[in-house]
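# Fold and contact review
The primary structure of each chain is shown beneath.
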Amino acid sequence: MTNRTSRDVLRRGLWVLGRAIREQPRIFAVAVAGSVLFGLLVVASAYVVGAVVGDVVVPAIERGSVGVAALALAAGTLLGISVLRVVGIFGRRLGAGYMQFRLQAAYRRRVTRRYLDLPLSWHQRNATGTLLSNANSDVEAAWYPIAPLPFAVGTLVMLVGAVASLFVTDWALALVGLAVFPALFALNVVYSRRMAPRQARAQRLRAEVSGIAHESFDGALVVKTMGREAQETARFAARAGELRDALISVGRLRGVFDPMLEALPSLGTLAVLVVGTFRLRQGAITVTELVSVAFLFTVLAFPVRAIGWVLAELPRSVAGWDRVRRVLDATGEMPYGDRALDPDEAGPATLTFTDVSFAYEPAEAHLPGTEVLGQVSFDVPAGRTVALVGPTGSGKSTIAALAARLVDPLAGTVALDGVDVRELTAASLAGTVALVAQVPFVFDDTVRANITLDRPGVTDDDVWAALRLAEADGFVAALPDGLDTTVGERGTSLSGGQRQRLTLARALAGRPRLLVLDDATSAVDPRVEAAILAGLRAPAAGGPAASILVVAYRRATIALADEVVYLEQGRVVARGTHAELLATVPGYADLVTAYEQAETDRAQQRTYDEVSPLTSGLEVEVDR
Ligand SMILES: Nc1ncnc2c1ncn2[C@@H]1O[C@H](COP(=O)(O)OP(=O)(O)OP(=O)(O)O)[C@@H](O)[C@H]1O
Ligand SMILES: [Mg+2]
C-alpha cells in the first residue's frame, strides 16, 4: 500500500465515520460525553494520587503518624472519581454498542430491501455469495470502527487536557509530554498502516474460505457421486492454509508493536522521573506535582490505544462500505407505472408480444450484449393455451421472464389486455401474471406457508384447490403433518417433482389470469404433466380459467395446446397447431421426436433400476 492510497483510505474512512455520526448524532453524543468524562477523570485521578502522596503520605512518613481526616478525604475523593468513571465507561460502552448495532441493523435492512427492488438483470450479474456477504460481513466491517470511536474521541480530549495540565505544572515536564504523546500517536499510525493490508488480506481470505465451504456443502451430492472428495478437501485446505498464514502474520505484527506501544509510556514515565527529580531539586515543582505527572503517563498508555484501534479498522471499514454502497447506489431499477387492470375483471388475460428484442447485459460494461431475442411476436388469446417450443438456449425462459416483467425488452412491447406491462402497477402485475420458474424454489417453511406466502385471503380451501390442480394433493395429504409439514431448506425433504408441483400450486393459489409455466413440470411423470395441463385448461367448476403460456417438450403436453410457437435462436420460426408444425417444420419434428426418444429411454431405464427420489432428482438435474 502506497502512502497516497493509505492517505486516501484515511480520508474516506473519516468520511464513513462522519456519516455514522450524522446518522446517530444523539447516541454518539452520549457515548462521547461518557468517554470525555472518563478521560478527564483519568487525568484528575493522576492529580489526586499525586496529592495523596505529596500531601498525605509524605507528611505522614515525616511525622510518623497518619492524619485520619486527610486519609479519609483522599479515600473519599478517589472513590468518588472511581464511581464517576464507572458512569463514564457505562455511557461510552452503551452508546458505542447501540450506535454500532443500530447502524448494522439499519444497513442490513437497506441492503436486503434494495436486493428486492433491483431488477433480475442486476441479480444475474451478482453471485449469491457476494450478496450474502454484502448484507452480512460487509455491513459489519463498515461499522466496526464505531465501537472504539467514542473512546478514541474521548482520548483525544484527554490528551489535550493532559498536555495542558502539564504546561500548567511545569514547562520542562510538558516537553517530555510533547515528545511522548505524538510519538505514541505516530507509532499507532505506523502500526495500523502495516496492519491494514494484512487485515484486508485476512478478510478477503475469510470470505473465500467460507465461500468454498459453502460450495462444497451445497454441491455435496456432485462431489460425492463424482468421487471428488479428496480434491475438494485439498482445494479447501489450500485456502484455509493461506488464511492461517495471513492471520499469523497479523499476530506477528501485533507481537512486534504491542510491546513497543506498552514500552513508550513507561519510557515517558522514566523521563518524567529523571527530568522531574532535577526540577524538584531546583525547587521548580513539588513532590505532589512530580508524582501526579509520573502517574499520568502510566494511566494514559491504555486509552491512547483506542486511537490505534480506530485507525486499524478504517481500511476494512472503507472496503466494506464500498461494497455496501455498490448495492445501495446500484441503478437499473425498473420503475412501475400507475395503471391497474380492471380489478373486477376475473377472466383470463390476453398476452401480446409485439416485435420484442432482448439482450442480456454483458458481464463487463464495455462488451456488447448479444441479442437473444429478435422481433418476437405472438399472442396468447384470453383463455387459450400456447406452447413455447424450441431447442435449449433458444430464448424460452427469456420470453417467460419478459411476460412476467422480470426484465424489460430492448425494443418492442409486451402487453397484458392491451396495456404495456411497463405502465402497470406492481400490484396489478403480481395479481395478473404468475410465473412458475424452470428451477423451483421452496422456502424452509411449512407447505401452507410456501403456498400462501402470507398473501391475504388465501384460505386452506384455496390451498387444497390449488394443490389438487397441481396434482399435489395426494402427496401433501400423505405428509406427516399435512399442510403444517416443514419441508426443509429449499425443500430438501421433497422429491424434484414434488417441489415443482408445490411451486405450481403456489402460483395457482393467487388465481392468476395468466399462467406462465417455464418447464415447470419437467421432473413430473409425463402422464401427470399432461393431467396437470388438462386440469388447468378446464378447471373444475368455480375456478376461473387462466390463459396459459407453457414451455414444453413432451408431445402429450404440447398436443394439449391450442397453438405452438416454435423458436430457434431467439426468433419465432413457425406458429400453428402441433399437427401443422409436425407436418411442415422439419426442425420442430426432429426436436419433438428426439425428446420423445429420450423420454422412452429414460422410462425403460426406470423400470430396470429401483430409483430413489434422491437419484431421480439428480438424474433430471444432470440431464437438463
Ligand atoms: N443471465 C444471462 N446472462 C447472459 N446470457 C444469458 C443469461 N440467461 C440466458 N442467457 C442466454 O440467453 C439465451 C437464451 O436463454 P434462455 O434461458 O432463454 O433459453 P431457454 O430456451 O430457456 O433454454 P433451456 O431450454 O435450456 O431452458 C441463451 O443463449 C443463454 O446463453
Ligand atoms: Mg429455459
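Look a little higher up for the structure.
Structure report, in brief. (Residues numbered from 1 in each chain as written. Chains lettered and ligands numbered in written order. Predicted model: local features only at pLDDT ≥ 70, side-chain atom pairs only at ≥ 80, totals over all residues. Heavy atoms only, no water.)

The next thing to look at is the overall build of the protein chain. For the protein chain, the helix and strand inventory stands at 21 helices and 10 strands. A compact globule built from 624 residues would reach a C-alpha radius of gyration of about 25 Å, whereas the protein chain, at 36 Å, exceeds it by more than 25%. Along the first, second and third principal axes, the C-alpha atoms of the protein chain reach 120 × 55 × 50 Å. Of all 624 residues assigned to the protein chain, the portion counted as buried reaches 44%. Here the contacts in the protein chain between residues at least 6 apart in sequence split such that 78% fall between residues at least 24 apart. (Helix = DSSP H or I, 4+ residues; strand = E, 2+ residues; numbered from the N terminus. Rg over C-alpha atoms; globule rule 2.2 N^0.38 Å. Buried < 20%, exposed > 50% of the residue type's maximum accessible area, 1.4 Å probe, protein only. Contact = heavy atoms within 4.5 Å.)

Before going further, it helps to examine the sheet that holds strand β9 (residues 563-568). Taken in spatial order, the 6 strands line up as β6-β7-β8-β3-β9-β10 in an open sheet, and their pairing is mixed. Each end of this open sheet is capped by a strand with a single partner; those strands are β6 (433-436) and β10 (571-576). Ignoring strand direction, the axes of neighbouring strands in this sheet form an average angle of 15°. With 4 bridges connecting them, strand β3 (residues 385-389) and β9 associate as parallel partners. Bridge assignment links Ala387 to a residue of β9, and that residue is Val564. (Pairing = 2+ DSSP bridges. Axes fitted to C-alpha atoms, helices over the stretch in contact; angles between N-to-C directions.)

Turning our eyes to something else, we now look at the sheet that holds strand β1 (residues 351-359). Within the open sheet, the 4 strands sit side by side as β2-β1-β4-β5. Their pairing is antiparallel. Single-partner strands in this sheet number two, and they are β2 (371-380) and β5 (419-420). Of the pairings in the sheet, the one linking β1 to strand β4 (residues 411-416) comprises 5 bridges and is antiparallel in character. Note that in β4 the partner of Ser357 across the bridge is Ala411.

What follows covers the coordination of the magnesium ion (ligand 2). In the first shell of the magnesium ion (ligand 2), the protein supplies Ser397 (OG) and Gln438 (OE1), at 1.9 to 2.4 Å from the metal. Of the two residues, Ser397 is situated in helix α11 (residues 396-403) and Gln438 in the loop between β6 and α13 (447-452); the sequence distance between them amounts to 41 residues. (Donors = N, O, S within 2.8 Å, 3.2 Å for Na, K, Ca; no water.)

Spanning 39 residues, helix α2 (residues 25-63) covers 55 Å between terminal C-alpha atoms, matching the ideal 57 Å at 1.5 Å per step. The axis of α2 is deflected most strongly, by about 30°, at Val53. Trailing α2 by a residue or two, Gly64 shows a phi angle of about 80°, which is positive. (Expected span 1.5 Å × (residues − 1). Bend = angle between axes of the 7 residues up to and from the residue.)

With that settled, consider the packing of aromatic side chains. Tallying each qualifying case throughout the model produces 13 aromatic pairs. Both rings, one in Tyr107 and one in Trp321, keep their centres 5.6 Å apart while their planes meet at 65°; by these two values the pair is edge-to-face. With Tyr107 in helix α3 (residues 68-117) and Trp321 in helix α10 (residues 287-328), this residue pair connects regions lying 214 residues apart in the sequence. Each member of the pair Tyr107 and Trp321 is classed as buried. For the ring pair Phe358 and Tyr360, a centre distance of 5.0 Å and an interplane angle of 85° mean the geometry is edge-to-face. A network of ring pairs unites the aromatic residues Trp15, Tyr107, Trp143 and Trp321 as a single cluster. We note Arg22 situated over the ring of Trp15; from NZ or CZ to the ring centre the distance is 6.0 Å. The ring of Phe151 carries Arg92 above its face, with NZ or CZ at 3.8 Å from the centroid. (Phe/Tyr/Trp six-rings, centres within 6.5 Å; stacked < 30°, edge-to-face > 60°. Lys NZ or Arg CZ within 6 Å of the ring centre and 35° of its normal.)

Burial of α11 is extensive: 7 of the 8 residues sit out of reach of the surface. The set of residues buried in α11 consists of Lys396, Thr398, Ile399, Ala400, Ala401, Leu402 and Ala403. A positive phi of about 50° marks Arg405, the residue just after α11.

Turning to the site of ligand 1, a few remarks are in order. Every residue lining ligand 1 is accounted for by Gln124, Tyr360, Val372, Thr392, Gly393, Ser394, Gly395, Lys396, Ser397, Thr398, Gln438 and Tyr553. A distance of 2.8 Å separates an oxygen atom of ligand 1 from a polar atom in the side chain of Gln438. Between an oxygen atom of ligand 1 and a side-chain N or O atom of Tyr553, the distance comes to 2.9 Å. The biggest single contributor to the shell around ligand 1 is α11, with 3 residues. Partitioned by chemical class, the residues of the shell around ligand 1 number 3 nonpolar, 8 polar and 1 charged. (Near = heavy atom within 4 Å. Polar contact = N/O pair within 3.5 Å; in protein donor to acceptor, adjacent residues only side chain to side chain. Nonpolar A, V, L, I, M, F, W, Y, C, P; charged D, E, K, R; others polar.)

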